[in-house]
Amino acid sequence: MNSLPLAKMLEKNPVLEDFFLTYRLPEPEAAMSPEEFFAAIPESVLAENGTDRVMLLNHWQLFLSQIDEFAVSHGNLSSLEILGGLDKGGHDEPVRRLLLKPGDVLSVVGPTGAGKSQLLEDIECLAQGDTPSRRRILVNGAEPDDSLRFSVDRRLVAQLSQNMNFVMDLCVADFLNMHAESRMIENPHLLVEEIFETAIGLAGEPFTMNTPVTDLSGGQSRALMIADVACLSSSPVVLIDEIENAGVDRDKALKLLIRSEKLVLIVTHDPSLALMAPRRLVIADGAMSVLVERTESELSLLEELRTQAAKLYDIRRRLRSGESL
Amino acid sequence: MKMLTVAGAPSCGKSSVIIQLLRKLMKENIRPAVVKFDCVSGQDGALYEKEKIPVRTALAGSLCPDHFYVSNIKGAWDWALSLNADILITESAGLCSRCSPHLKGIHAVCVIDNLSGVNTPRKVGPMLRTADTVIITKGDIVSQAEREVFAYRVRRANPAASVLAVNGLSGQGIFAFAKTVMESKNPDSLEGIVLRFSMPAALCSYCLGERKVGHDFQIGNTKTVNFEN
């Protein structure tokens, strides 16, 4: 690849343009080889970019070697296995093995300070007996290698929480396009359209492609975040730290994530959210203390909670439209 | 003694990340020493003292902060040695985005936060481009999409670094950083150590205290912009 003229390389692989943007390099002349091009950059340009020739060449080589890596997704996760460690007192935790697969939904419950965050961190860093809990996480039945554990762009886990907000000064369309671009998706328009439609379907109140993301309400933001994670995030595992009840259809959201073959973990204090998962893990004293399967009667309880929520939602709607109750 | 140079823009979370790292290392009986390089007086020293971390604050005052940093790095090393420290961390804010405190052979860390905007990774110079590890902070308050785009841009600006996400408040992600730090190696002395990237020259009349603006007053190593076209 290195012997091709640089202009040809750029034509074949538009992604390389990003390197030129990042380093504010001029457009190469048609016949120039990469070697000739880099040798010809004036010292003053290098200095103004805060780089030198050796560093630039080194980064160029790394950039070339990483192109394929960027495009890699983690579609190949087939299982995640949590092997039990120790509780806060140093005793074996009761749940010794927990097998999770794409499309599974697990809720994680327990009082504040019980150790839910440690479990999430163990999953996030794919602990290998080297965190305080001594848990081990197997990926596809085997110990993951360090590059999977410690590189931010190969993260297995995407996170969604109530505290997260959009901070970019972009409208919905530009925002989604920018995310698609970072995932090396060549014709993002269809996908962007799909994410937008999905988000509208999840949100209680509509917005447009031209709405600035920072203007979205809490529910709209959450809907867009969920649709985006489902359709565009490279991470096969989604950690949800509560989803507010108002303004976003949580049932639809979960179904969407399951359909996208995500493995979903929900940390929550909200009973109906906890009951939406077929299994729930109870955390106590730093340990995975018990794994509970949802029963038939709990399922009908969930229905009851849904009916109540719908009733509450209806009251809210009527109040907002000026009715007397 | 292990050494780490930590650099990043003001308020990006350098001190929080260092404190999270040291809380973890101190549990393993590792003795730290921190030197905070700054331009004007800050309150960060107190943060470290509260954690019982030996700290010295070095203020550049009227001098170029990064030139000041280099001329004091050996002193910092000797001070940490005299404390019998196992690890010395220098913290500095690369204020002009052109400076970098990173030294060849010493593990170099750049801290950058998700709130600084997606174009920031392109704007930060050698401090980011020459780092071995880039720590991205404040991921807990932005969306997954923004985290992914930001990490991608950081990776683009420095394809050689390992990029980690750390939450400075909760310490989430500090495990991976601590592991990276403990696996890093550096020489036993600073003899013969060189900067990874030259610092901007500063040798003009303004370096010597000149305050008047205008052609007649700028003497020495100056660069003027052609505004004609």
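(A) Region of interest: the sheet that holds strand β6 (residues 133-137) of chain B. Residues and elements named next belong to chain B. Strand order across the open sheet formed by seven strands is β3-β2-β4-β1-β5-β6-β7, with parallel pairing between neighbours. In this open sheet, the two strands that pair with only one neighbour each are β3 (55-59) and β7 (162-165). Between one strand axis and the next, the sheet turns by 20° as a mean value, whatever way the strands run. Two strands pair when backbone bridges link them, and strand β1 (residues 2-8) and strand β4 (residues 87-92) are joined in this way by six bridges, in the parallel orientation. In the sheet register, Met 3 faces β4, and the bridge partner there is Leu 88.

(B) Focus on the nonpolar core. Grouped together as the largest cluster of nonpolar side chains are 127 residues, with contacts concentrated most on A:Ile226 and B:Val134. The element best represented in this core is helix α10 (residues 218-232) of chain A, accounting for eight residues. Excluding anything up to four places from it in sequence, B:Val134 contacts B:Cys110, B:Ile112, B:Leu128, B:Val154, B:Asn158, B:Ala161 and B:Val163.

(C) Just the sheet that holds strand β7 (residues 263-267) of chain A, in detail. All names here are of chain A. With respect to topology, six strands assemble into an open sheet ordered β5-β6-β7-β3-β8-β9, the strand pairing being mixed. The strands lining the two open edges of the sheet, one partner per strand, are β5 (157-161) and β9 (287-293). Strand-to-strand twist across the sheet, computed as the mean angle between neighbouring axes with direction ignored, equals 20°.

(D) Layout of the domain arrangement of chain A. Taken domain by domain, chain A consists of domain 1 (6-71) and domain 2 (103-130 + 147-294). On a C-alpha basis, the centroid separation for the pair domain 1 of chain A and domain 2 of chain A is 36 Å.

(E) How the structure looks around helix α6 (residues 116-124) of chain A. Residues and elements named next belong to chain A. Of all nine residues in α6, seven are buried; the element is thus mostly enclosed. The elements touched by buried residues of α6 are β3 (105-109), β4 (136-139), β5, β7 and β8 (279-284). Looking at the residues trailing α6, positive phi occurs at Leu 126, about 50°.

(F) Structural detail: the interface of chain A and chain B. With 35 residues of chain A in contact, the opposing surface of chain B contributes 34 residues. Elements with a contribution of two residues or more to the side of chain A that touches chain B: α2 (17-22), α5 (53-71), α6, β5, α8 (172-182) and α10 of chain A. Each residue belonging to the side of chain A that touches chain B can be placed in one class, and the counts come to 15 nonpolar, 15 polar and five charged.

Rules used throughout
- Residues numbered from 1 in each chain as written.
- Chains lettered and ligands numbered in written order.
- Predicted model: local features only at pLDDT ≥ 70, side-chain atom pairs only at ≥ 80, totals over all residues.
- Pairing = 2+ DSSP bridges.
- Helix = DSSP H or I, 4+ residues; strand = E, 2+ residues; numbered from the N terminus.
- Axes fitted to C-alpha atoms, helices over the stretch in contact; angles between N-to-C directions.
- Core = buried A, V, L, I, M, F, W, Y, C linked by C-beta atoms within 7 Å.
- Buried ≥ 20, exposed ≤ 12 C-beta atoms within 10 Å, placed from the backbone.
- Contact = placed C-beta atoms within 7 Å.
- Domains from an automatic or database assignment.
- Nonpolar A, V, L, I, M, F, W, Y, C, P; charged D, E, K, R; others polar.

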